[in-house]
Amino acid sequence: MKKTFVSLLLWLALIPAAFGECLCDPAMLLQEGEAPVWTENSYQSANVYISITSERYLNSDIYVADIYVRSVNSFQRGMASNKWKGKTQTIKKIAQANESIIAMTGDNSANLSVGWVIANGKICRKTANRKRELCVLFSNGEMAIIQPGDIVAKELAAGVEAGEIWQSFLFGPGLLTEDGKAKTTFSSDVKPKNPRSVIGYYEPGHYCFVQVDGRGAASKLEKGKKSVGLTLAELAAYMEKLGCASAYNLDGGQSSMMYFKNGVISSPYKNGRRLGDVVLIREPESN
């Protein structure tokens, strides 16, 4: 049964905010007090588990970070120059300033004139956007994609005030139907092959970051080859292939890149560009 935004908020109000609870399977995490373990493509601690895989798919390099978090406090947005609409910076500077384990291109919402922006439990902007779907990450780990006509300003504001809403994202579009199947029609005009950045959602505490190289960037995975990028339809099919329950497209093109450990692991078009924001995973901040 389809849930409207209002009924979804009322339903979530019955579930306590989960900052003090373990959202994901504790077996994915280390025991409290154990030192974090880094490898070239993974990270594991008592709060976060990340495993990165890569593959060639439809003539493109794709990087998939499988992510488990104890609390959504670890799932954050990092703003350039540490402020909303701050001066753009490299992904490395934003990632390091926020003590990121992994970071990926954000939604570029500062360059959109209207639309709700909620970052790390605080409202940055609260104006309507009649075109773009809004992706909402709730404090209990649920993620929902809300159609423009279903956005209720009072409910959003109340959700943030009550500590029930942790993040929102504004780029879009959503890529999967409510039963996890790939969409074939999209509200976005950016449908051709392009570099892409995507948030995938499996269940509370389990997410993925997906980054696709494109526009002829040199492949790191197959010598002598290039990455052409994916269309929105191809991207949606890929997110269905991963088994996500929901997936939301973020800023792409030259902005699309993924940072892990100490550097950019993807091959951005023209070496990427300075960003206004990133999505990131970090060790949780103290409450």
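Residues numbered from 1 in each chain as written. Predicted model: local features only at pLDDT ≥ 70, side-chain atom pairs only at ≥ 80, totals over all residues. Heavy atoms only, no water.

S.K.: Whenever I open this one, the pairing of strand β19 (residues 277–281) confuses me. Can you help?
M.R.: For a regular strand, side chains alternate in direction, first toward one face of the sheet and then toward the other. β19 sits mainly inside the fold: five of its five residues count as buried. In terms of strand pairing, strand β5 (residues 75–79) meets β19 through five bridges, oriented antiparallel. Counted as the bridge partner of Met79 is Asp277 from β19. The sheet contact formed by strand β6 (residues 102–105) and β19 spans four bridges and is antiparallel. Counted as the bridge partner of Thr105 is Val278 from β19. (Buried < 20%, exposed > 50% of the residue type's maximum accessible area, 1.4 Å probe, protein only. Helix = DSSP H or I, 4+ residues; strand = E, 2+ residues; numbered from the N terminus. Pairing = 2+ DSSP bridges.)

S.K.: I keep staring at helix α4 (residues 232–242) and nothing clicks. Help me out?
M.R.: Three or four residues apart is the spacing at which side chains of an α-helix point the same way, because the helix has 3.6 residues per turn. Among all positions in α4, only Leu232, Leu235, Ala236, Tyr238 and Met239 are buried. Taken down its axis, α4 places every buried residue within 160° of arc, on the same side. Along its buried surface, α4 packs onto β3 (48–57), β4 (60–69), β12 (196–203), β13 (206–212) and β16 (246–249). Just downstream of α4, Gly243 is the residue with a positive phi angle, here 90°. (Arc of directions from axis to C-beta. Contact = heavy atoms within 4.5 Å.)

S.K.: Is there a simple way to explain the sheet that holds β3 in this structure?
M.R.: Strand pairing within a sheet occurs via backbone hydrogen bonds; the two strands may be parallel or antiparallel. An order of β1-β2-β3-β4-β13-β12-β16 is seen for the seven strands of this open sheet, with the pairing classed as antiparallel. Sheet topology places β1 (37–38) and β16 at the edges, where each strand pairs with a single neighbour. Strand direction decides the pairing type here: β12 and β16, joined by four bridges, are antiparallel. Following the sheet pairing, Tyr201 is matched in β16 by Ser246.

S.K.: Please clarify how the sheet that holds β6 should be interpreted in this entry.
M.R.: Spatially, the five strands line up as an open sheet ordered β5-β19-β6-β17-β18, and their pairing is antiparallel. Every other strand in the sheet has two partners, leaving β5 and β18 (263–264) as the edge strands with one partner each.

S.K.: Teacher, can you tell me more about unusual backbone geometry here?
M.R.: A cis amide bond links Gly172 with the next residue in sequence, Pro173, at an omega value of 5°. Among the structural elements, Pro173 can be located in the loop between β11 (165–169) and β12. Although it is not a glycine, Ser81 adopts a positive phi angle of roughly 60°. Checked against the element boundaries, Ser81 lands in the loop between β5 and α2 (91–97).

S.K.: Teacher, can you tell me more about the nonpolar core here?
M.R.: Across soluble globular proteins, nonpolar side chains show a tendency to be buried alongside one another. One finds Ile50, Ile102, Phe209 and Ile281 to be the most contacted residues of the largest nonpolar core, which totals 29 residues. Of all the elements, β4 adds the most residues to this core, at four residues. In contact with Phe209, not counting residues within four places along its chain, are Tyr63, Val64, Ala65, Ile67, Phe75, Ile102, Met104, Val198, Met258, Val279, Leu280 and Ile281. If you look at the next biggest cluster of nonpolar residues, it comprises 18 residues, including Val212, Leu232, Leu235 and Ala247. (Core = buried A, V, L, I, M, F, W, Y, C linked by side-chain atoms within 4.5 Å.)

S.K.: I would appreciate a short explanation of the confidence of the model for the protein chain in the present structure.
M.R.: Caution is warranted with low-pLDDT regions, since their predicted coordinates should not be read in detail. Considering every residue of the protein chain, the mean pLDDT works out to 92; 92% of them sit at 70 or more. Across residues 1–8, confidence stays below pLDDT 50; counting only partners more than four residues off in sequence or on other chains, it has 14 contacts. Scored below 50 in pLDDT, residues 10–15 shows seven contacts in the model against residues more than four places distant or in partner chains. (pLDDT = per-residue confidence, 0-100.)

S.K.: Can you walk me through the pattern of salt bridges in this structure?
M.R.: Should their charged atoms come close, side chains of opposite charge can pair. Evaluation of the coordinates by the stated rule reveals 11 salt bridges. Residue Lys241 is joined to Glu55 by a salt bridge in which the shortest nitrogen-to-oxygen separation is 3.4 Å. In this pair, Lys241 sits in helix α4 while Glu55 sits in strand β3, placing the two residues 186 residues apart along the sequence. A salt bridge links Glu133 to Lys183; its shortest N-O distance comes to 3.5 Å. (Salt bridge = Lys/Arg side-chain N within 4 Å of Asp/Glu carboxyl O.)

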